[in-house]
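# Per-entry structural report
Here's the letter readout for the chains.
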Amino acid sequence: MKVEKTIYSRIKNINFNNISFGKYYSDHMFSSEFKNGKWINSIIKPFGKILLSPISLVFHYGQAVFEGMKAYKDKDNKVFLFRPKENFKRINKSAIRLEMPPIPEDIFMNGLRKLIDIDRDWIPKSYGKSLYIRPFLIATSTILSAKPSNDYMFIIVSTPVDSYYNNPLKVKIEDKYSRSTKGGVGFTKAAGNYASSFYPTRIANNEGFDQILWTDSYTHTKIEELGTMNVIFWFKDKLITPKANDRILRGITCNSILSIAKKEKIIVEERNLNVKEIIEGIKKGELKEAFGCGTAAVINFFKTINYKGNNFYLPDLPKSDRLSLLLKKKLLDIQHNLSEDTFGWRILLKKNI
Ligand SMILES: Cc1ncc(COP(=O)(O)O)c(C=O)c1O
């Protein structure tokens, strides 16, 4: 892999005590091209603009998939990636569904490791802070026909992120719009899934809600996801999450949280979850907590759930009684090398690889 380092690092201009999500990008980026059936030109180079023709297929037919993952530092400045293989597998699942070439493991993993090693100074050190990493694959053939592209570009960029301050969420159960449908691409991280969610999300925001609780597109009676997060409900003595299907993007955070919960001997159920059950659960006082989980925010718990114009209030538990916060801490402790990683999720990034 070719490496062209920047002669001017921008790191001196960054105030690491005040970083809003996605504002600053690290000094370098990785890119690799797919041409004539081969991956070529893998390179680490200074972060900068890319030159694409206006008729590149990504702009017209939306062949674009991406990932979101993080690198963490411990108190001794050791750097760790969290379950990167899962992101590698998921981007290829997305690519295959969008008729794009899977990325070879060595290109994904070596590009990722080398880039984060070179830009390791960009990883903020404090608890909860991290470097958010965005790998993405786009179609670059220049022919305006509605067919899969022959050429592609795979790029990785990264951005330092603060620990996410979570306000309890006011969420709305969506009963008109859908983010995905049976047989569709909901289980992928296709860029178009996000574009199509913006309009209903803005409507919900205008109505005073923070996020949409998506339901199934046929009946709007089964809970699926929360905005761009998975969702978990704490009912009496169990954690329940909607069972994975082709409409749900199965998250690495949700999977990790459920594994930690099982280890703590908490009962975990993955099954269909009806809106009715949630509302009844709140009315009967059986639903203790509901929370979204994903790489960016880690865990975000709800304050209210709105269904067909009615607000339902979740118990106002003290922080110390919140299972969501306990699980969040256990996950962050593993990510920051503060507790033993019995799952083997933490991958140490050696220096100068
Ligand atoms: C639609 C959607 N669901 C769930 C998730 C959570 O996935 P993960 O925990 O892997 O970040 C994300 C975020 O990536 C997402 O965009």
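Residues numbered from 1 in each chain as written. Predicted model: local features only at pLDDT ≥ 70, side-chain atom pairs only at ≥ 80, totals over all residues. Heavy atoms only, no water.

## Considerations on the overall build of the protein chain
The number of helices and strands found in the protein chain is seven helices and 18 strands. A globule of 353 residues ought to have a C-alpha radius of gyration of about 20 Å, and the protein chain, at 21 Å, matches this closely. By its C-alpha atoms, the protein chain is 60 × 50 × 35 Å across when sized along the principal axes. The buried share of the protein chain, taken over its 353 residues, is 51%. Pairs at least 24 residues apart make up 71% of the contacts formed inside the protein chain by residues separated by at least 6 positions. Across the protein chain, the mean location of the 57 positive side-chain charges is 2 Å away from that of the 36 negative side-chain charges. (Helix = DSSP H or I, 4+ residues; strand = E, 2+ residues; numbered from the N terminus. Rg over C-alpha atoms; globule rule 2.2 N^0.38 Å. Buried < 20%, exposed > 50% of the residue type's maximum accessible area, 1.4 Å probe, protein only. Contact = heavy atoms within 4.5 Å. Lys, Arg positive; Asp, Glu negative; His and termini not counted. Charge placed at Lys NZ, Arg CZ, Asp CG, Glu CD.)

## Let's talk about the side chain of Glu174
Locating Glu174 in the fold gives a position in the loop between strand E9 (169-173) and helix H4 (191-206). Under the relative-accessibility criterion, Glu174 is labelled buried at 2%. A distance of 3.1 Å separates a polar side-chain atom of Glu174 from the backbone nitrogen of Tyr177. In this structure Glu174 touches Pro200, Ile212, Leu213, Trp214, Thr215 and His220, once residues within four positions along its chain are discounted. (Polar contact = N/O pair within 3.5 Å; in protein donor to acceptor, adjacent residues only side chain to side chain.)

## Some details on the pattern of salt bridges
In total, this model carries 22 salt bridges according to the counting rule given. Where Asp175 meets Lys308, a salt bridge forms, and the shortest distance between an N and an O atom there is 2.9 Å. With Asp175 in the loop between E9 and H4 and Lys308 in the loop between strand E16 (298-307) and strand E17 (310-313), the pair connects residues that are 133 residues apart, well separated along the chain. Judged by its relative accessible area of 31%, Asp175 falls in the partly exposed class. Look at Lys308 and you get exposed, because its relative accessible area is 55%. Note that Glu224 is salt-bridged to Arg247, the shortest N-O span being 2.5 Å. In this pair, Glu224 sits in strand E11 (residues 223-226) while Arg247 sits in the loop between strand E13 (238-241) and helix H5 (252-263), placing the two residues 23 residues apart along the sequence. Glu224 sits in the buried class, given a relative accessible area of 5%. A relative accessible area of 12% means that Arg247 is categorised as buried. Look at the salt bridges and you will find they share partners, linking Lys238, Glu269, Arg271 and Glu277 into a network. (Salt bridge = Lys/Arg side-chain N within 4 Å of Asp/Glu carboxyl O.)

## Considerations on a nonpolar patch on the surface
Where nonpolar side chains cluster on the molecular surface, the patch consists of Ile55, Tyr61 and Leu144 and spans about 270 Å² of accessible area. Relative to the helices and strands, Ile55 is located in the loop between strand E3 (38-46) and helix H1 (58-61). (Patch = residues over 30% accessible without salt bridge, like charges linked within 9 Å, V, L, I, M, F, W, Y side chains within 5 Å. Areas by Shrake-Rupley, 256 points an atom, 1.4 Å probe, with all protein chains shown as cover.)

## Some points on the domain arrangement of the protein chain
Here the protein chain is described as being made up of domain 1 (2-162) and domain 2 (169-335). With centres defined by C-alpha atoms, the gap from domain 1 to domain 2 works out at 28 Å. Of the residues lining the interface, 22 residues belong to domain 1; the matching set on domain 2 comes to 23 residues. Across the domain 1/domain 2 interface, buried area totals approximately 1,900 Å², and carbon plus sulfur atoms make up 63% of it. Connecting domain 1 to domain 2 are zero salt bridges. In this structure, the connection of domain 1 to domain 2 is made through 13 residue pairs in polar contact (both at pLDDT 80 or more). When contributions to the side of domain 1 that touches domain 2 are tallied by element, the ones reaching two or more residues are strand E4 (64-66), strand E5 (69-73), strand E6 (79-82) and helix H2 (84-97). Ranked by residue count, the leading element in the side of domain 1 that touches domain 2 is H2, at six residues. (Domains from an automatic or database assignment. Buried area = accessible area lost by both parts, 1.4 Å probe.)

## Some words on H5
Taking 1.5 Å of rise per residue, twelve residues should cover 16 Å, and H5 covers 17 Å from first to last C-alpha, within 8% of that figure. Among all positions of H5, only Ile252, Thr253, Cys254, Ser256, Ile257, Leu258, Ile260 and Ala261 are buried. Once H5 finishes, Lys265 follows within two positions and takes phi at roughly 70°, a positive value. (Expected span 1.5 Å × (residues − 1).)

## Details of the site of the ligand
Around the ligand, the structure places 15 residues, and the nearest of them are Lys189, Tyr194, Glu225, Thr253 and Thr295. The separation between an oxygen atom of the ligand and a polar side-chain atom of Tyr194 is 2.5 Å. A distance of 2.5 Å is found between a nitrogen atom of the ligand and a side-chain nitrogen or oxygen belonging to Glu225. At the level of elements, H5 and strand E15 (287-294) are the ones that each hand at least two residues to the shell around the ligand. Along the lines of polarity and charge, the residues of the shell around the ligand split into five nonpolar, six polar and four charged. (Near = heavy atom within 4 Å. Nonpolar A, V, L, I, M, F, W, Y, C, P; charged D, E, K, R; others polar.)

## Looking at the environment of Pro160
The topology assignment puts Pro160 in strand E8 (residues 152-161). Separated by 14 residues in the primary sequence, Pro160 and Ala146 place their C-alpha atoms 37 Å from one another. Excluding residues within four positions of it along the chain, Pro160 makes contact with Phe16, Ile19, Tyr24, Trp122, Pro124, Ser130 and Leu131.

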